[in-house]
2 protein chains.
Amino acid sequence: MQKVKQIVSEILAKQEINTVYYVGCGGSLSGFFPAKYFLSCEAKKLKVGYINANEFVHATPKEVGKDTVVILASQRGNTAETVKAAAVANEIGAVTIGLTFVVPSPLAETAQYVIQYEFGPESIVENQKASYGVKLALEILNQTEGYEKYDEMTAALGNLHGIVEQAKKDVVPTAIKYAWEFKDDSVIYTMGSGACWGPAHQEAICIFMEMQWINASVIHSGEFFHGPFEITDKNTAFLMMKSCGHTRALDDRALNFIRKFNDRIFVLDASEYGIGGLGDTAEYLEPLFYNNVIAVFNGLLADARKHPLTTRRYMWKFPY
Amino acid sequence: MQKVKQIVSEILAKQEINTVYYVGCGGSLSGFFPAKYFLSCEAKKLKVGYINANEFVHATPKEVGKDTVVILASQRGNTAETVKAAAVANEIGAVTIGLTFVVPSPLAETAQYVIQYEFGPESIVENQKASYGVKLALEILNQTEGYEKYDEMTAALGNLHGIVEQAKKDVVPTAIKYAWEFKDDSVIYTMGSGACWGPAHQEAICIFMEMQWINASVIHSGEFFHGPFEITDKNTAFLMMKSCGHTRALDDRALNFIRKFNDRIFVLDASEYGIGGLGDTAEYLEPLFYNNVIAVFNGLLADARKHPLTTRRYMWKFPY
């Protein structure tokens, strides 16, 4: 948190911040969803944007200006459109902060501020990419408008790692059950609400579609009854990342319905693994729990299907 | 436009507007996407939100206040969570505008202002639900910050109907081809970028999933290469609603890739049907074109599959 605090203080010593934009592609965009959601819920004045990097380059929103902080992420720091987006933002006079695992890298060279995050099974949860997105949101909100739960949320971020590590052990039997249950499915729907729409979306695009070549789509729990639920039959596979927060009622409503017609729903519920101990801000940090804990299931699913998570047919193999 | 202008003038005679929230469920939320996108691109100061009605009820964003206009839609005016969202917004002191096809109805009774829109094959495009969403955005933007293309966009809205009517005739052969091509597919991906992500999302959830029980998902063209493209093989079915605007390059990049591996992509391109004649603001109105023109294909697909668009297994039949 110290580095984030220092960056935000340095920016605010020179100018105002009235807009925060989160920019990236794929998992480096969806990883920002919790931060975007947190600001959408808690900010009274700050504006927040969340946008694909290439859309930012080609259709740059007019609200992006000198009072905007543009936060961009790229794992290797070399995603061409994200680097270009940083350059476009610099050109406009916005402040750019680049989050990357690899330094030096083109993003690290282009962004005005750089945060090198941790990645992989040994990483500390609060030092991961998505956590830095949230920490930047928290720090900017607190230093501009003030946020009464700043200390509570900062402490919760620090306590998250222990909860995640224990859950990664405790979830194993359930993960084995559903890896076996879903191994032959050609379509899996992920579900979530509130901040948890983010990790549910990420699971669909980065794990099922990208790494397992399983057709997938995220359904927002609150949207389920307004179209999507008609695809439900007794064989439809669902994976829900249940919210511990204000939108839990939306998840329960969808679950109650699905369970009348289908028993093929894997409900991962962070509340059963002690997330509630983090206090009132747990709902904003819960996606960081799911990002990590679902990896246990993902590894087992890949093993059950004999389809390693590293297999690609196009990525890094064809020009695009 | 006259009624919209009057409503916005009346509001601004009494107070400021600094935030606009679009609230609904399913097609009544996705129909607002073009309006949301327009404000995200063009507004320099106005804040804009776009949120599922039940999420609005349970996790009401703190930025919603007395200077907020909450615009809600419900076809029959009786979607329980949307009516509740209007009541919640009223309680906070926000201004509420309800868009509905049915008056009197609970939404019409709850919202402070009511717009009854046209619906169905005989309706005038600019008087449809999604068009009122855009007109409200345009009017609020112009009356608060000013918008230099206000007159051009107002004229374009009026000219859209003729383009749509002609396109509904001209698209028939292509629609027949793809209705036959896709009739046995169990999964179809829709694609779009910019404002056209909205109708592409709507086609996936309201037509394929709800009305045809075909598994579906929308892929943002700019996100395609960052996960989703790995599901592409020679049999994958795609339907792209191509943008005529700033993000067209994103669509072309995805198309160029897909066509190397697959010839099962139905590209509906409003540019080929004269949308460009509407001028610079055409990209914001293009979703209104797709909402209407795709109906020709949807009807033929339903016929080819002997699965009427009105068939439901749960909606209106089970409590939920």
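Let me sum up the structure you'll find in this document. (Residues numbered from 1 in each chain as written. Chains lettered and ligands numbered in written order. Predicted model: local features only at pLDDT ≥ 70, side-chain atom pairs only at ≥ 80, totals over all residues. Heavy atoms only, no water.)

## Notes on the pairing of strand 8 (residues 237-242) of chain B
Two faces belong to every sheet, and in a regular strand the side chains alternate between them.
Residues and elements named next belong to chain B.
Point 1. Across the six residues that make up strand 8, a large majority, six, are buried.
Point 2. On strand 8, burial covers both faces: Ala237, Leu239 and Met241 on one face and Phe238, Met240 and Lys242 on the other are all buried.
Point 3. Here four bridges tie strand 6 (residues 187-192) to strand 8, and the two strands are oriented parallel to one another. Its bridge partner lying in strand 8, methionine 191 is registered against methionine 240.
Point 4. Where strand 8 and strand 9 (residues 265-269) come together, five bridges link them in parallel fashion. Opposite methionine 241, over in strand 9, you have leucine 268 as the bridge partner.
Point 5. Each parallel crossover has a hand, and for strand 8 linked through helix 11 (residues 248-261) to strand 9 it is right-handed. (Buried < 20%, exposed > 50% of the residue type's maximum accessible area, 1.4 Å probe, protein only. Helix = DSSP H or I, 4+ residues; strand = E, 2+ residues; numbered from the N terminus. Pairing = 2+ DSSP bridges. Right-handed = clockwise from strand over helix to strand, strands pointing away.)

## Quick notes on helix 10 (residues 197-212) of chain A
Residue and element names in this part refer to chain A.
Point 1. Approximately 30 degrees is the largest bend angle found in helix 10, and it occurs at glutamate 203.
Point 2. The element helix 10 is extensively covered by neighbouring structure, given that 16 of its 16 residues are classed as buried.
Point 3. Just downstream of helix 10, tryptophan 213 is the residue with a positive phi angle, here 55 degrees. (Bend = angle between axes of the 7 residues up to and from the residue.)

## Some details on the interface of chain B and chain A
Point 1. Listed as interface residues are 64 residues of chain B and, on the opposing side, 64 residues of chain A.
Point 2. Summing both partners gives a buried area of about 5,600 Å² for chain B against chain A, and 54% of it is carried by carbon and sulfur.
Point 3. When the buried area of chain B at its contact with chain A is split by residue, B:Lys62, B:Glu230 and B:Tyr314 rank highest and sum to 14% of it.
Point 4. Across the pair B:Arg253 and A:Glu81 runs a salt bridge, and its minimum N-O distance is 3.1 Å. (Contact = heavy atoms within 4.5 Å. Buried area = accessible area lost by both parts, 1.4 Å probe. Salt bridge = Lys/Arg side-chain N within 4 Å of Asp/Glu carboxyl O.)

## Brief notes about the packing of aromatic side chains
Point 1. Applying the stated criterion across every chain yields a total of 68 aromatic pairs over all chains.
Point 2. Seen from their ring centres, A:Phe261 and B:Tyr314 are 4.7 Å apart, and the 55 degrees between their planes marks the pair as tilted. Residue A:Phe261 is found in helix 11 (residues 248-261), and its partner B:Tyr314 is found in the segment after helix 12 (282-304); the two belong to separate chains.
Point 3. Looking at A:Phe261, the relative accessible area reads 22%, which means it is partly exposed.
Point 4. Ring centres of B:Tyr189 and B:Phe238 lie 6.2 Å apart, and the angle between their planes is 35 degrees; on these two criteria the pair is classed as tilted. Separated by 49 residues along the polypeptide, B:Tyr189 in strand 6 and B:Phe238 in strand 8 bring together distant segments of the chain. As far as the burial class goes, B:Tyr189 and B:Phe238 line up, both buried.
Point 5. What links up through ring pairs into an aromatic cluster is the set A:Tyr189, A:Phe224, A:Phe225, A:Phe229, A:Phe238, A:Phe257, A:Phe261, B:Tyr314, B:Phe318 and B:Tyr320.
Point 6. Over the face of the ring belonging to A:Trp180 we find A:Lys183, whose NZ or CZ atom lies 4.2 Å from the ring centre. (Phe/Tyr/Trp six-rings, centres within 6.5 Å; stacked < 30°, edge-to-face > 60°. Lys NZ or Arg CZ within 6 Å of the ring centre and 35° of its normal.)

Just distances and angles here, no functional claims.
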